[in-house]
Amino acid sequence: CDCDLNFGTKVMNVDITNRMIQTMNKENEKTSSHGPFDLLVGCDGVNSPVRTAIESNAPPQTFTCEVKSLPGEFKVARLDSVPPNLDPT
């Protein structure tokens, strides 16, 4: 498996159609493009650019997401369904 892990970067844009992402290095603010990707793991928090890109590009009624504030320091993003190409089953 040929995988790249990019630490200290922020996802700025996700292009689902062309399977590309744009990131910014937090130290020097340099932007870079990466891809094409086969798998993009969106572990980027409740205000996720990855999830936003999927929501914007998924066929109607194949991806739903609801964000709720919980007491304390946490937020939850609940995914009731995912687009067929992202569904592991």
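See the structure shown above.
This one's a predicted model, so the numbers in the text were calculated from it and none came from an experiment. (Residues numbered from 1 in each chain as written. Predicted model: local features only at pLDDT ≥ 70, side-chain atom pairs only at ≥ 80, totals over all residues. Heavy atoms only, no water.)

## Details of the overall build of the chain
Logical step 1: The number of helices and strands found in the chain is one helix and five strands.
Logical step 2: When the helices and strands of the chain are placed in sequence order, the string is β-β-β-α-β-β.
Logical step 3: Looking at the chain residue by residue over its 89 residues, the buried ones come to 15%.
Logical step 4: Counting only contacts in the chain whose residues sit at least 6 apart along the sequence, the fraction spanning at least 24 positions is 16%.
Logical step 5: Accessible surface, the chain as shown: approximately 7,200 Å² in total, 49% of it carbon and sulfur. (Helix = DSSP H or I, 4+ residues; strand = E, 2+ residues; numbered from the N terminus. Buried < 20%, exposed > 50% of the residue type's maximum accessible area, 1.4 Å probe, protein only. Contact = heavy atoms within 4.5 Å. Areas by Shrake-Rupley, 256 points an atom, 1.4 Å probe, with all protein chains shown as cover.)

## A word on helix α1 (residues 49–57)
Logical step 1: All buried positions along α1 are accounted for by V50, R51, A53 and I54. All buried residues of α1 project into a common sector of 160° when viewed along the axis, lining one side. (Arc of directions from axis to C-beta.)

## Focus: unusual backbone geometry
Logical step 1: With an omega of 0°, the peptide bond running from G35 to P36 counts as cis.
Logical step 2: Along the chain, the position of P36 falls in the loop between β3 (31–34) and α1.

## Some points on the pattern of salt bridges
Logical step 1: Taken as a whole and judged by the stated rule, the model has one salt bridge.
Logical step 2: As a salt-bridge pair, D38 and R19 come within 3.3 Å of each other at their nearest N and O atoms. Of the two residues, D38 sits in the loop between β3 and α1 while R19 sits in the loop between β1 (9–15) and β2 (20–25), which places them 19 residues apart along the sequence.
Logical step 3: Overall, the relative accessible area of 78% leaves D38 in the exposed class.
Logical step 4: A residue is classified by how much of its surface remains accessible, and R19, at 36% relative accessible area, is partly exposed. (Salt bridge = Lys/Arg side-chain N within 4 Å of Asp/Glu carboxyl O.)

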